[in-house]
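Inside the fold
In case you want the letters, here they are:
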Number of protein chains: 2
Amino acid sequence: MAKTETSNPPSPSPLSRERILQAALRLADEGGIEALSMRKVAQELGVKAMSLYNHVASKDEIIDGIVDIVVGKIDLPRVDLDWKIAMRQRALSAHEVLLKHPWAAIAIMSRINIGPAMLRYVDRTIGCLREAGFSWKMADHAWNAIDSHIYGFTLQELNFPIEASAYAETAESFISYIPPDQYPYMHQLSLYIMDGSYDGLYDFELGLDFVLDGLDRLRERA
Amino acid sequence: MAKTETSNPPSPSPLSRERILQAALRLADEGGIEALSMRKVAQELGVKAMSLYNHVASKDEIIDGIVDIVVGKIDLPRVDLDWKIAMRQRALSAHEVLLKHPWAAIAIMSRINIGPAMLRYVDRTIGCLREAGFSWKMADHAWNAIDSHIYGFTLQELNFPIEASAYAETAESFISYIPPDQYPYMHQLSLYIMDGSYDGLYDFELGLDFVLDGLDRLRERA
DNA sequence: TCAGTTTAACTTACACTGTAAGTCTGTCAA
DNA sequence: TTGACAGACTTACAGTGTAAGTTAAACTGA
């Protein structure tokens, strides 16, 4: 007899670690990481929860996996460029990627991640700084200072609306919690944001340049 | 008849929002925020879970409450000091407090917090900067840049051992994940940490000063 | 003093979570 | 044809937050 057409792919779409991670990533992007459950991932793939365990060891492994996928989207620093330009590009790319996956920054900061993309990312960063003349110790400190700004800034940003127009609205809805007699400065600032004389948006590059310039002076002194 | 001795305090230790928050804070400090459940908090107080709802609206309100308690422990910036000194003291105090309550940094960064301690903390910070001559907009940006460093640095730090000796051990346990051919720079750096030629500890004040110095130059230029 | 109201505890129940453990079925090699 | 195995399945358990209803004690006004 002729073989059935199912013999090539044993099922219309066989489960795999890759397909599970993609589905989980989709769910996290849509509803945040707290919307991620084994049952929902399974449902997304037309399968029961326990079937996932044939391909991944645990939910933690799934989260580690999608974190590494996201980290893999960050542009690696180019060693052929001036270190400051390379670090700036890397930071801007990281900032952009983390905004696209709002759950990711916290996931990265609250767990130890040693996926391949993360290791490559850190290795290239330290390498770029080392080649620029930083000592091992200073390269390590520089990387830490830059990333402190990337993650700290982005996390603060994610707690607030990104759009300037929404910002004025948000200020308006919060102003009732900020009586002028108790919190005079915050009250005043909120008024400025509400009447549009200031968009309230922060500038990622401002703090980034403070750090990069400081590192530059340190490098020249050495 | 004489009144029973229970008439003064109706029970040996009546439940209250305050007592609930203290118990929750204790639990979070001991086992992290994921160890915090309504049932465990209740048990800690010799009571059943649902009784807590007579005093707090939800688990979220408890978390908001303990976050605000922790924020309240941070030294407020003193307006009578030079802004840079005041901001440095505030940052060091925040860093110290966040290390004492390792769950708090993430809780602060991943939720909108408008408790009284937080409002006072932000108000005094903006006020201090405003009195130092920053415009409203620049005061806002300055506050954001400084806090990006505080939270970003502390969160990275919390994922790693604080003790120098533990650092070398940690490097040793992770080195097998870092083959030298794939991650040459990280491998090298790990070796330096393992053999003790570098303690691997980061310096909170390094990045902090980059930000403060950058802000200072901005202020002088205005 | 007694009835009525209020407070704050209680129990029960529901829908959800991650995952340990065991079962069934279809494909392939020998 | 048979045995192995992979990969799906079901069931079950201990945990979660909290909606809903109940009970018992304490305070209040007549």
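Structure first, text after, so check above.
Residues numbered from 1 in each chain as written. Chains lettered and ligands numbered in written order. Predicted model: local features only at pLDDT ≥ 70, side-chain atom pairs only at ≥ 80, totals over all residues. Heavy atoms only, no water.

**Examining the packing of helix 8 (residues 164-174) of chain A against helix 9 (residues 184-194) of chain A**
Residue and element names in this part refer to chain A. Closest axis-to-axis distance for the helix 8/helix 9 pair is 8 Å, and the angle between their directions is 140°. Regarding the angle of helix 8 to helix 9, the classification is oblique. Judged by the sense of rotation from one axis to the other, the crossing of helix 8 with helix 9 is left-handed. Here Tyr167, Ala168, Ala171 and Glu172 of helix 8 come into contact with helix 9, specifically with Ser190, Ile193 and Met194. Across the contact of helix 8 with helix 9, the residue classes break down as 5 nonpolar, 1 polar and 1 charged. (Axes fitted to C-alpha atoms, helices over the stretch in contact; angles between N-to-C directions. Helix = DSSP H or I, 4+ residues; strand = E, 2+ residues; numbered from the N terminus. Parallel < 35°, antiparallel > 145°, perpendicular 65-115°, else oblique. Left-handed = near helix turned anticlockwise from the far one by under 90°. Contact = heavy atoms within 4.5 Å. Nonpolar A, V, L, I, M, F, W, Y, C, P; charged D, E, K, R; others polar.)

**Points about a positive patch on the surface**
A surface patch of positive charge is lined by Arg217 and Arg221 of chain A together with Arg217 and Arg221 of chain B. Looking at the positive patch, the elements that each hand over two or more residues are helix 10 (204-221) of chain A together with helix 10 (204-221) of chain B. Mapped onto the fold, Arg221 of chain B is located in helix 10. (Patch = residues over 30% accessible without salt bridge, like charges linked within 9 Å, V, L, I, M, F, W, Y side chains within 5 Å. Areas by Shrake-Rupley, 256 points an atom, 1.4 Å probe, with all protein chains shown as cover. Salt bridge = Lys/Arg side-chain N within 4 Å of Asp/Glu carboxyl O. Lys, Arg positive; Asp, Glu negative; His and termini not counted. Charge placed at Lys NZ, Arg CZ, Asp CG, Glu CD.)

**Structural notes on the relation of the copies chain B and chain A**
Here the second copy of the chain follows from the first by a rotation about an axis and a shift along it. Superposing chain B onto chain A requires a rotation of 180° together with a translation of 0.0 Å along the rotation axis, leaving an RMSD of 0.1 Å. Each copy turns onto its partner about a two-fold axis. Minimal C-alpha distance to the rotation axis in chain B is attained by Gly152 of chain B, lying at 1.9 Å. When the interface residues of chain B are mapped onto chain A, 100% of them again fall at the interface, so both copies present the same face. (Least-squares fit on C-alpha atoms with pLDDT ≥ 70 in both.)

**So, the protein's contact with DNA strand D**
In the neighbourhood of DNA strand D, 19 residues make up the surrounding shell, with Lys48, Ser51 and His55 of chain A together with Arg39 and Tyr53 of chain B lying closest. Note that a phosphate oxygen of DNA strand D is positioned 2.5 Å from one of the side-chain N or O atoms of Ser51 of chain A. Taking Arg39 of chain B, its side chain carries an N or O atom lying 2.7 Å from a base nitrogen of DNA strand D. Considering every element that reaches the surface near DNA strand D, the biggest residue donor is helix 2 (residues 38-44) of chain B, with 3 residues. Of the residues in the surface near DNA strand D, the class split is 7 nonpolar, 7 polar and 5 charged. (Near = heavy atom within 4 Å. Polar contact = N/O pair within 3.5 Å; in protein donor to acceptor, adjacent residues only side chain to side chain.)

**Re the protein's contact with DNA strand C**
Around DNA strand C, the surrounding shell holds 19 residues, and the nearest of these are Arg39 and Tyr53 of chain A together with Lys48, Ser51 and His55 of chain B. A distance of 3.0 Å is found between a phosphate oxygen of DNA strand C and a side-chain nitrogen or oxygen belonging to Ser37 of chain A. Within the contact set of DNA strand C, a base nitrogen lies 2.7 Å away from a side-chain nitrogen or oxygen of Arg39 of chain A. It is helix 2 (residues 38-44) of chain A that provides the largest number of residues to the surface near DNA strand C, a total of 3 residues. Here the surface near DNA strand C is composed, by residue class, of 7 nonpolar, 7 polar and 5 charged.

**Things to note about helix 3 (residues 59-71) of chain A**
Each α-helix winds once per 3.6 residues, and so residues spaced three or four apart point in a common direction. The first and last C-alpha atoms of helix 3 of chain A sit 18 Å apart over 13 residues, in line with the 18 Å expected at 1.5 Å per residue. Looking only at helix 3 of chain A, the buried set comprises Ile62, Ile63, Gly65, Ile66, Val67, Asp68, Val70 and Val71 of chain A. (Expected span 1.5 Å × (residues − 1). Buried < 20%, exposed > 50% of the residue type's maximum accessible area, 1.4 Å probe, protein only.)

**Focus on the interface of chain B and chain A**
Facing 56 residues of chain B, the contacting portion of chain A comprises 57 residues. The contact between chain B and chain A buries some 5300 Å² in all, and 69% of this surface belongs to carbon and sulfur atoms. Considering only the side of chain B, the residues that lose the most area to chain A are Trp136, Tyr185 and Phe210 of chain B, jointly responsible for 15% of the buried surface there. Joining chain B to chain A, the criterion identifies 0 salt bridges. At the boundary of chain B with chain A, the tally comes to 23 residue pairs in polar contact (both at pLDDT 80 or more). Every element with two or more residues in the side of chain B that touches chain A is listed here: helix 5 (104-109), helix 6 (116-131), helix 7 (136-158), helix 9 (184-194) and helix 10 of chain B. Here the element with the most residues in the side of chain B that touches chain A is helix 7 of chain B; it accounts for 16 residues. Looking at side-chain class alone, the side of chain B that touches chain A contains 32 nonpolar, 14 polar and 10 charged residues. (Buried area = accessible area lost by both parts, 1.4 Å probe.)

Any functional reading would require information beyond the geometric quantities listed.
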